[in-house]
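# Commentary on secondary and tertiary structure
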Amino acid sequence: MLKISTRYLALIGAGLVATAGSAQAQGFRAGYSEQTGEAIYTGICQGCHMPDAKGAQGAGAYPALAGDKRLASSAYAALVVIKGRKAMPAFGGSFSDQQIANVVNYVRSHFGNGYTDTLTPEAVKALRPAIAAP
Amino acid sequence: MADLSQPPMTRRSLFTLIGTVAGSAMMYEAMSSLAYAGESGYAGPPNLTGDVKGASVLILGSGIAGMTAAYELRKAGYKVQILEYQDRPGGRNWSLYGGDTYTELGGATQHVGFDKGHYLNPGPWRLPYHHYGILHYCKLLKVPLEPFIQTNYNAYVHSTKAFDGKPQRYRHVQADFQGYVAELLAKSTRQSSLDQAVTPEDQAILLDAMRQWGALDKNYEYKMGEASSDRRGYESDPGGGLTSVPTPSQPIGMKDLMKSGLWRAIAAGSGYETQQTLFQPVGGMGMIGKAFGAELKEVIKYNAKVIDIRQDAKGVTVSYLDTKTGGPPMQAKADWCICTIPVSILSQIPITVGAPMQAAIDNLSYSASVKVGLQFKRRFWEQDEDIYGGITYTDQPNGTIGYPNYNYFSDGKGVILGAYAFGPAAFEYSAMSPEERIANTLEYGSKVHPQYMKEFDNGVAVAWHRVPWTLGCAGAWTEALREKYYDNMCALDGRIMLAGEHASRIPAWQEGAVLSALDAIRRLHQRVIAG
């Protein structure tokens, strides 16, 4: 949520002025304080991908990250986090390069995923310009 | 920046002046008062005349958009059928009552324990007076409405970082902030530092206005006294007989007030969509969906999970599973299709539309939102704190405390909206179990109402990203996304048109769903009549 429409702010109904990323009254923060990969996953990602990373199925589905072959590419994982994909919101605006690297590394080395190579914050930074702003 | 040296003042330069001197809060106030706000696109119920030649329309989703479309198309003579994933009408128009069961993605099931007559609206909860479309259908369907209190001057604004975390009454912060701003502007005016900006005649008007608007005394000062107490309330109120002399109250210090940031919350009811009068259906927002569903019961097929949407030159074929009885996929056919499935889900369903519409479907994610309803054993906010309906705002992750706008003064229990979270806080809430969401909400609420822990009875927590049939709260449009995808989202693609709040410029509001549906069926009807 980088640029939020005025209608959206009105909906939220509390903020007077649109501060960047703000969605609510009184100094509502734009980012996340979680830093380690585990804290980010359990604090945010598992809301959809579930605590066991096996996803969920309703009228639509959340994909499992456990055993997801696409995670072979750390760049792919980072790009999805940064840009979002279909129902997955973009988190590039609210996570730092370090946070993105941490959570990608965590998911790729947990839940039965055994990738040992690590993604650096520098590599995340290099990926950002490749992403066309929506 | 307007040229302030050019009297007489234009409206724009007055706003700029006010904005510069008094800050954006007052500017917003001034702009609102001069009706700078936008207009609803509602042009009355559609008048779909002409021979529809037996045309049929398959509608996907029995939310507000789908049922609006079905109601009007049927009236115009179309053969209409709705497929709905859930076992009830309404979609996000939804209320949870005692005895209801709700299972979220991940499998957690909550049994709602509210007493009879109490409810939580997990989705929409208020109807602005200018949402003409949805109000039209409330009237048409005989859904009784009652006032929704947005601004309660005796509710709180609260910051954990100001006033030692002690909640402040809205009326104190509102009156004091306005008073100090008026005092500053009056001072500038009297010191003639605005000479270049306002004519002497306008200066006199401005001074008079500031005295009235800000409750200043005869010296244009905002301080303890009758004028300020008439806004913020007295230390002890005027009474009768021999104990009738009021004691004025002491305003909050200006520096403390500015530093507190609490002024951010006082304009919550100034937005076009939150200005009084707002309404709520008696008995819960879900009453609209129920009434619509009863009206359309012959045409809605429940428990139908759409798995494929195809069109060709002749018509539209939709494959679906009956989630109740199981069995192989079934098919529904029609000449046309209005699809109101949230695009968070539609992006996962094969659909034969062109690349532009597919791109629109694939590029809109949904915002996060969480609501927590808490039942308390007694209405302590009324009994102890004289808060009757309305909203308290806090800087904690729960964001909002909404007091029930019904059953005032009753001796029984009451259900509070304990959390209405957005943004990062909502994503974090969504990652918790329902029990954790409730426990955290109680923790946050206790900072405002110490009675919380003692009086808590039971609760229910709905995180919209865990809702199996939406995967989120509402389309998270940005200006850039709209530029690129909005028109293609709304276009007629062969025989398929999308509708819903995501195909509107009033996202997340039911009015957006209604207006989107009305616009879609008007264009569809034109196409049908054109042959």
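Let me sum up the structure you'll find in this document. (Residues numbered from 1 in each chain as written. Chains lettered and ligands numbered in written order. Predicted model: local features only at pLDDT ≥ 70, side-chain atom pairs only at ≥ 80, totals over all residues.)

## Here's the deal with the overall build of chain B
Here is the rule: Under the scheme used here, helices are H or I runs from DSSP no shorter than 4 residues and strands are E runs no shorter than 2 residues, and both carry numbers assigned from the N terminus. Atoms counted for the radius of gyration: C-alpha only. Globule rule: 2.2 Å times the number of residues to the power 0.38. Buried means a residue has 20 or more other C-beta atoms within 10 Å of its own C-beta, exposed means 12 or fewer, and partly exposed covers the counts in between; C-beta atoms are placed from the backbone. Residues are defined as contacting one another if the C-beta atoms placed from their backbone atoms lie within 7 Å.
Within chain B, the regular secondary structure consists of 17 helices and 22 strands. Against the 2.2 N^0.38 benchmark of 24 Å for 531 residues, chain B shows a C-alpha radius of gyration of 26 Å, consistent with a compact globule. Expressed along its principal axes, the backbone C-alpha trace of chain B runs to roughly 80 × 60 × 40 Å. Within chain B, buried positions represent 52% of all 531 residues. In chain B, the proportion of contacts linking residues at least 24 apart, taken out of those at least 6 apart, comes to 69%.

## Some words on the sheet that holds strand β2 (residues 79-83) of chain B
Residue and element names in this part refer to chain B. Just so we agree on the cut-off: A strand pair is defined by DSSP finding two or more bridges across the two strands.
Pairing is parallel in the open sheet, where five strands are placed in the order β12-β2-β1-β16-β22. Each edge of the open sheet carries a strand with a single partner, namely β12 (300-301) and β22 (496-498). Alignment of strand β16 (residues 336-339) against β22, held across three bridges, turns out to be parallel. For Cys-337, the partnering residue across the bridge sits in β22 and is Ile-496.

## Side note on the sheet that holds strand β7 (residues 127-128) of chain B
All names here are of chain B. Reading across the sheet, the three strands line up as β7-β11-β8 and stay open at both edges, with antiparallel pairing between neighbours. The sheet is open, and its two borders are formed by β7 and β8 (145-148), each paired with just one other strand. The pairing of β7 with strand β11 (residues 278-281) spans two bridges and is antiparallel. Its bridge partner being in β11, Leu-127 is matched across the sheet by Phe-279.

## Considering the environment of Asp-117 of chain A
Residue and element names in this part refer to chain A. Tracing the sequence through the fold places Asp-117 in the loop between α4 (97-108) and α5 (121-127). What makes Asp-117 exposed here is the crowd of 9 C-beta atoms within 10 Å. In sequence terms Asp-117 and Ser-74 are 43 residues apart; their C-alpha atoms lie 8.4 Å from each other.

## Overview of the packing of helix α3 (residues 64-75) of chain B against helix α17 (residues 510-530) of chain B
All names here are of chain B. We count it as follows: To get an axis, a line is fitted to the C-alpha atoms, and for a helix only the part in contact is used. The angle between two axes follows their N-to-C directions and goes from 0 to 180 degrees. In this scheme, roughly parallel covers angles under 35 degrees and roughly antiparallel covers those over 145, while 65 to 115 is roughly perpendicular and the rest are oblique. Note on convention: the crossing is left-handed when the near helix lies turned anticlockwise from the far helix by less than a right angle, right-handed when the turn is clockwise. Residue polarity is assigned by list, with Asp, Glu, Lys and Arg as charged and Ala, Val, Leu, Ile, Met, Phe, Trp, Tyr, Cys and Pro as nonpolar; anything else, Gly included, falls into the polar class.
The geometry of α3 relative to α17 is characterised by a closest axis approach of 8 Å and an angle of 40° between their N-to-C directions. In terms of axis orientation, α3 runs oblique to α17. Where α3 crosses over α17, the handedness of that crossing is right-handed. For the pair formed by α3 and α17, the contact residues are Ile-64, Ala-65, Thr-68, Ala-69, Glu-72 and Leu-73 on the first element and Gln-510, Ala-513, Val-514, Ser-516, Ala-517, Leu-518, Ala-520 and Ile-521 on the second. A breakdown of the residues in the contact of α3 with α17 according to their chemical character gives ten nonpolar, three polar and one charged.

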